[in-house]
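Residues per chain are reported as follows:
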Amino acid sequence: MKTITTKNKLTHWLLAAFSICITLFTIGCSKDDNDIGEGTTDDELSITSIEPATARVYEEFTINGTGFSTEATANVVYFSSNLGDNDAQRPSPIYVSHTPTSITVQVPADLRYIQDGPITVQVNGESVKSEQDFTIDTSLGYPMLETITPTHAVPGAEVTITGDNFGGDNYNTGIEDLTVLFGDQEAKVISVGGNNARGNQIKVEVPNIPEGAVQISVQREDFVGQTTLDFTVDPLPASVKATYIVNEDGIVKGEVTESGLQFTTLYSATDNDDIVKRATHLEYDVTNGYLYWESQGEIYRATNDGMGTPESVFAPGVRFYSYDIDYTNNIIYYIEYTEEESIIKKQSLSGGTATELYSGFTRELSWVTFEYEGENPTNLVVDSEHQKLYWADLGVGDNVERGLKSGSTDGTATIKLELSEDEMGAIESAYCPALVFEPATNELFVLYQMGSVSNLYKTTIGTKTATKLVAGKPVDATTGENGLLFNPTGLEVDTETGFVYFMDLYDNKTDVINQTTYAIRRVPLNGGDVEVLFPDLLGSTFALEIN
């Protein structure tokens, strides 16, 4: 047996320790030599060229070099900037693709903090700056197409295209420099502009082409857009009477002709200022050819040919929020309103004093609900043939019978509950945006709204039953699909064509470029498919030319 002395033991321990140190030193040196970051090659980080060295907004350029990471997120590219070299503030291009020897990027739309100069590439904390300068070309590039609203419409309808590089006053280009094609048919360009200097919105009129799917393309001068948009041309609806609309232009007449939708401005908002700009509750008197509307607490009228001058025919000097006119006898029926009381009155449009028909609709502020509780009549309509009045009572409180009620045009008949809210399947918080009486069929048509969505009902007087014609639906928050009977604002009935017409929210846009728009739609008197007649309207009141 071999004996190891203390001296030998010490020698063995020293040799073992030395061996471990050498091993650790070798491993440590090996790790330092190769610790260059995940996805990074052994090549030195460098930029050899930029191709091309100038580009416009949305155009691509490629940075060539060595040592770029195979991981996309590890490659960070910076423009030269007027904000200095602070990484948190320096603007970056839009990433497109990369390899270990090239990075392709795109010039972004926001050029506020970008200036001409070297390009910087940063990989895992290491940076390199190009010797070559990159220059932003501020001229307009190819038109870029993003969206079209609506995605389907009839010929003559106005649609909005969004994108970029459409031009405008800032580039001394206008609608005459734009060509918008629906398939191979050129469309009329109404306006070009938007909320950036390059122009990012075009409004066009759908050309008179056969129904079906088409591709939309845009060309500005010699620059042809590289993308297209899908669009569907709808068939023209039949048997549509003239429709009067209040929009941003003023009071407009809309018609469906063989060539599509046609709009004619009758009374300009510019010429008539707030009288037309603030118009609501538009009505049409087919017998005498007058349009009536409410504006700033007064009732105005003007001839439906656009040749007259708007005149005030009713200025009660009190707050009222619902009215209807007996055109045969030239009498207006209205509801005078305060927070504490409502009164149904009538007055000749030829002058004189008002006659009180029904009062006692009182309300008191509840310190429990903080609401004014009591009866609250609204949406007054007159049946002059049978000397009857109808309205919706939307009051709140334990003793209030909510629903559709009636009285007489002379105020002598007792108020009668024609149809309770429960009989319409509604809920207590319902609101009534519109009510129409049709004397030809002895029916009431009513919109009852729960939240932002309404249902359209009809009821025959005296039956105590209601038929739901249209079930509303909200805007789909996920897909963006338009709703139906979403915040409706008007209702008309035409037994001659056999349709109920209504106006509701068409596209709830919230961005800077676009505005909320409305549509006029119709449904058969007995229910069925809903048809869009006038889409994407910048206005929320209408009247139909009904005999």
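Here, the structure is the one placed above.
Residues numbered from 1 in each chain as written. Predicted model: local features only at pLDDT ≥ 70, side-chain atom pairs only at ≥ 80, totals over all residues. Heavy atoms only, no water.

## Thoughts on the packing of aromatic side chains
A complete count under the given rule lists 20 aromatic pairs for this structure. Ring geometry for F79 and F134: centres 6.0 Å apart, planes at 40°, overall tilted. In this pair, F79 sits in strand β4 (residues 75-81) while F134 sits in strand β8 (residues 126-136), placing the two residues 55 residues apart along the sequence. The residues F79 and F134 share a single accessibility class, namely buried. On the basis of an interplanar angle of 50° and a centroid distance of 5.8 Å, the ring pair of Y358 and W391 is categorised as tilted. Remark: W391 occurs in strand β32 (residues 388-393) and Y358 occurs in strand β29 (residues 355-365); sequence separation between them is 33 residues. Among the residues examined, Y358 registers a relative accessible area of 6% and is labelled buried. Linked through ring pairs, F314, F320, Y323 and Y334 together constitute an aromatic cluster. (Phe/Tyr/Trp six-rings, centres within 6.5 Å; stacked < 30°, edge-to-face > 60°. Helix = DSSP H or I, 4+ residues; strand = E, 2+ residues; numbered from the N terminus. Buried < 20%, exposed > 50% of the residue type's maximum accessible area, 1.4 Å probe, protein only.)

## Some thoughts on the pattern of salt bridges
Within the structure shown, the criterion is met by 16 salt bridges. Linked by salt bridges that have partners in common, R56, E59 and D137 make up one network. (Salt bridge = Lys/Arg side-chain N within 4 Å of Asp/Glu carboxyl O.)

## Focus: the sheet that holds strand β20 (residues 250-257)
Within the open sheet, the 4 strands sit side by side as β21-β20-β19-β43. Their pairing is antiparallel. Only two strands of the sheet have a single partner each, and these edge strands are β21 (260-268) and β43 (541-544). Sheet twist, expressed as the mean angle between neighbouring strand axes with direction ignored, is 25°. Two elements, strand β19 (residues 243-247) and β43, share 4 bridges in a ladder whose sense is antiparallel. Within β43, the residue paired with V246 across the bridge is T541. (Pairing = 2+ DSSP bridges. Axes fitted to C-alpha atoms, helices over the stretch in contact; angles between N-to-C directions.)

## Re the pairing of β20
With 6 of 8 residues buried, β20 is to be regarded as a mostly interior element. In terms of strand pairing, β19 meets β20 through 5 bridges, oriented antiparallel. Counterpart to T243 in the pairing with β20 is G254. The loop that links β19 with its antiparallel partner β20 comprises 2 residues. Bridge count for β20 against β21 is 8 bridges, and the pairing is antiparallel. Within the sheet, the bridge partner assigned to K253 lies in β21 and is T264.

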